[in-house]
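A closer look at the structure
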Amino acid sequence: MSFYTLNYKLQKQIDFLMNAISKDLKVDKSIILHFLCIDLERIYNEKIQVHKLHLISFEKEFKELNKKELELKAIIENTKFKIESSENTIVQLSNKLIEKEAHLKNLKNQVAELKLKINELNNVVIGIEKEKKQFDFNFMMKNHSNKEKTQKSNKRLNWLLTSFTIIAIIIAILIIKMKSK
Amino acid sequence: MNRSLLIILLGIVAIWDTITTVYGTYTIFGDGAIQIIVSIGFALILTGYLLRTIPIIKNPSEELIPVGAKVLWFLAILYDIFTSFTGNMDLILGNATGVQKVLVAIGLTIFVCSAPIGLSKLWFDPDN
């Protein structure tokens, strides 16, 4: 059934109704049509108003959503920029970290080398100290033997100590003899 | 104090040390002529060893003989302390009794045993 067929059917029905009302109320068909048109106009105007209001509220909502979309876009752009700058900072810091690690490794190697040198020097110092002790000892003994050979007082003391030892042995023998009696 | 005088005084105390060493060794070995001769020989070696305290202790060499000499020196000191203590208790403090006998004997022993060491120091290294 087409739109025009429907319209023709409706028109026929409207005609039939208007004829029935005009007969009932004994009013002219044109008057009824006039009031019907007024009513219909009013109904359609009200419907239009409702739809208008809907459209206005939709427009407002749309504008707000548009505004929010723009704000969100701005936020996303801002965040994107911040992320990019953070990434750049991270890359820079990573490079710095690698440099510092290399520098630290270098310093550790230098410290290890210095420790080796210090150990070597310590060994040298210990060797020198040993040599010094040996030298001091040799000097002391040489000094003593020179004094024994050259100084008369040392020779006299040598004889004195020898005689003391002999005296000690004699006294010891006497004491033992006394004790055994 | 004059060095020679100090050596003489320490020498006199070292005489007593030698006497106590002979006497102490004799009391261990017992009676007999051979025992007396061995005691005397032993005391002479010990005294000689103690008189050479400074050259033995101050020798920095780490070879076997100098290190061995240090060990023997230490044993000699211990034996000297033992014989000196025995000699002092028997010969000097024979009539004493009680704790003071032991205390005086210990003091005398330390004094007597340090004489040969002091003598060695004055004899070999008087300048330091």
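Every value quoted in this text rests on a predicted model; they were computed, and no experiment measured them.

Some details on the pattern of salt bridges
If charged atoms from side chains of opposite charge come close, those side chains can pair. Taken as a whole and judged by the stated rule, the model has nine salt bridges over all chains. When the shortest N-O distance is used, the salt bridge between Glu59 of chain A and Lys63 of chain A registers 3.8 Å. Of this pair, Glu59 of chain A and Lys63 of chain A both sit in helix 2 (residues 29-150), separated by four residues, roughly a single helical turn. We classify Glu59 of chain A as partly exposed; its relative accessible area is 43%. Among the ionic pairs, Lys58 of chain B bridges to Asp125 of chain B, the shortest N-O distance being 2.6 Å.

Observations regarding helix 2 (residues 33-51) of chain B
Compared with the 27 Å implied by 1.5 Å per residue over 19 residues, the 27 Å span of helix 2 of chain B between its first and last C-alpha is a close match. Here helix 2 of chain B has its buried residues at Ile36, Ser39, Ile40, Ala43, Leu46, Thr47 and Leu50 of chain B. All buried residues of helix 2 of chain B fall inside an arc of 135° around its axis, so they share one side. Along helix 2 of chain B, the residues that are exposed and aim more than 90 degrees away from the buried face are Ile34, Ile37 and Ile45 of chain B. Where helix 2 of chain B is buried, its residues touch helix 3 (152-180) of chain A together with helix 1 (3-29), helix 3 (53-57), helix 4 (64-92) and helix 5 (98-124) of chain B.

Thresholds applied
Residues numbered from 1 in each chain as written. Chains lettered and ligands numbered in written order. Predicted model: local features only at pLDDT ≥ 70, side-chain atom pairs only at ≥ 80, totals over all residues. Heavy atoms only, no water. Salt bridge = Lys/Arg side-chain N within 4 Å of Asp/Glu carboxyl O. Helix = DSSP H or I, 4+ residues; strand = E, 2+ residues; numbered from the N terminus. Buried < 20%, exposed > 50% of the residue type's maximum accessible area, 1.4 Å probe, protein only. Expected span 1.5 Å × (residues − 1). Arc of directions from axis to C-beta. Contact = heavy atoms within 4.5 Å.

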